Amino acid sequence: MEWSNIVLFFTASWFIVITPGPDLIYVMTRGISQGRTAGVVSAFGVTLGILVHTLFAAFGLTLLLKTSALAFTTIKIIGALYLIYLGVQALQKKSSLTLNQKCNSLSLGKIFIQGVFSNVLNPKIALFFLAFIPQFISPQHGNVSVQMAILGFTFALMGVFFLVIVGYYAGNIGKWLSKHENVSNKINWITGGILVGLGIRLAFLEQK
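Because the structure is predicted, anything quoted here is derived from the model rather than measured. (Residues numbered from 1 in each chain as written. Predicted model: local features only at pLDDT ≥ 70, side-chain atom pairs only at ≥ 80, totals over all residues. Heavy atoms only, no water.)

1. So, the overall build of the chain
Within the chain, the regular secondary structure consists of 10 helices and 0 strands. Among the 208 residues that make up the chain, the fraction classed as buried is 47%. Residue pairs in contact within the chain that sit at least 24 positions apart in sequence constitute 87% of those at least 6 positions apart. (Helix = DSSP H or I, 4+ residues; strand = E, 2+ residues; numbered from the N terminus. Buried < 20%, exposed > 50% of the residue type's maximum accessible area, 1.4 Å probe, protein only. Contact = heavy atoms within 4.5 Å.)

Below is the structure:
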């Protein structure tokens, strides 16, 4: 992979990971309502769900995208529009982190499974990774599937690292974010700009 792609991938991934969204809210809610262990377990659950989508993107569609010009163009257009749509949403979003501090108590096993399936069964996440990861691949630098798997695993590691911290310190982080909404708004703006830029970049990406 080219160094420029690696830097762009890590920069974009980090802002996407820390942007307040369903995963962060789920982890914080479990951490606040059931304690640190539940928060950490929920972090591993949602991350495993993400890994399922990244592995599917890496090994399920690589051959199709490489051999079919129509499939490549179709996914490229849909992916570009979706990234731009997510970016515009982030730019327009006003932070309002609402946490349910009295959610139903679940066993650690159920918390983990709920976290996994909250992502595995979400088609929007699959579409996101199909649009996000492939544009950082350099076919001339090795096997495409392996590169995609490495990037997907790296993204998941970044995510679980951040979410474990969030789950462990959920109470303190929740209170701090509720008092500093301007921080979440700034993160949304930066992430939105990155996603729009990636969408435009993807729209002009040529099949390799």
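Further notes follow.
2. Comments concerning the packing of helix 2 (residues 22-34) against helix 6 (residues 108-120)
Between helix 2 and helix 6, the least distance of the axes is 11 Å, while the angle of their chain directions is 165°. Considering their axes alone, helix 2 and helix 6 lie roughly antiparallel with respect to each other. The hand of the helix 2/helix 6 crossing is right-handed. Residues Asp23, Tyr26, Arg30 and Gln34 of helix 2 lie in contact with helix 6, whose contacting residues are Ile111, Gln114, Gly115 and Asn119. Of the residues belonging to the contact of helix 2 with helix 6, the class tally is 2 nonpolar, 4 polar and 2 charged. (Axes fitted to C-alpha atoms, helices over the stretch in contact; angles between N-to-C directions. Parallel < 35°, antiparallel > 145°, perpendicular 65-115°, else oblique. Left-handed = near helix turned anticlockwise from the far one by under 90°. Nonpolar A, V, L, I, M, F, W, Y, C, P; charged D, E, K, R; others polar.)

3. With respect to the environment of Ile190
Within the secondary structure layout, Ile190 lies in helix 10 (residues 181-203). In this structure the C-alpha to C-alpha distance between Ile190 and Phe15, which are 175 residues apart in sequence, comes to 7.5 Å.

4. Remarks on the nonpolar core
Counting residues in each nonpolar core, the largest one holds 43 residues, and the members touching the most others are Phe128, Phe132 and Phe155. Breaking this core down by element, the ones donating at least two residues are helix 1 (3-18), helix 2, helix 3 (36-60), helix 5 (69-92), helix 7 (123-132), helix 8 (144-168) and helix 10. Sorting elements by how many residues they give to this core places helix 8 first, with 9 residues. Apart from the residues within four sequence positions on either side, Phe155 is in contact with Phe9, Ser13, Ile16, Val17, Ile50, Phe129 and Phe132. (Core = buried A, V, L, I, M, F, W, Y, C linked by side-chain atoms within 4.5 Å.)

5. Things to note about helix 6
The end-to-end C-alpha distance of helix 6 is 18 Å, a good match for the 18 Å that 13 residues give at a rise of 1.5 Å each. Turning to helix 6, its buried residues are Ile111, Gly115, Val116 and Asn119. Relative to the axis of helix 6, the buried residues are bounded by an arc of 130° and lie together on one face. (Expected span 1.5 Å × (residues − 1). Arc of directions from axis to C-beta.)

6. Thoughts on a nonpolar patch on the surface
A contiguous nonpolar patch, built from Trp14, Phe161, Ile165, Tyr168 and Tyr169 and spanning about 500 Å² of accessible area, is present on the exposed surface. The element best represented in the nonpolar patch is helix 8, accounting for 3 residues. Secondary-structure assignment places Tyr169 in the loop between helix 8 and helix 9 (170-179). Accessibility expressed as a relative area gives 39% for Tyr169, which makes it partly exposed. (Patch = residues over 30% accessible without salt bridge, like charges linked within 9 Å, V, L, I, M, F, W, Y side chains within 5 Å. Areas by Shrake-Rupley, 256 points an atom, 1.4 Å probe, with all protein chains shown as cover. Salt bridge = Lys/Arg side-chain N within 4 Å of Asp/Glu carboxyl O.)

7. Considerations on the confidence of the model for the chain
On average, the chain scores 78 in pLDDT, and the residues at 70 or more come to 79%. Per-element mean pLDDT across the chain ranges from 57 in helix 4 (residues 62-67) up to 89 in helix 6. (pLDDT = per-residue confidence, 0-100.)

8. Quick look at the packing of aromatic side chains
The tally for this structure, following the rule as stated, stands at 8 aromatic pairs. Measuring from ring centre to ring centre gives 5.1 Å for Phe132 and Phe136, while their planes differ by 70°; the resulting arrangement is edge-to-face. When sorted by exposure, Phe132 lands in the same class as Phe136, which is buried. Feature note: the residues Phe9, Phe10, Phe128, Phe132, Phe136 and Phe155 constitute an aromatic cluster, connected by ring pairs. Its end group placed over the ring of Tyr168, Arg36 keeps NZ or CZ at 4.3 Å from the ring centre. (Phe/Tyr/Trp six-rings, centres within 6.5 Å; stacked < 30°, edge-to-face > 60°. Lys NZ or Arg CZ within 6 Å of the ring centre and 35° of its normal.)

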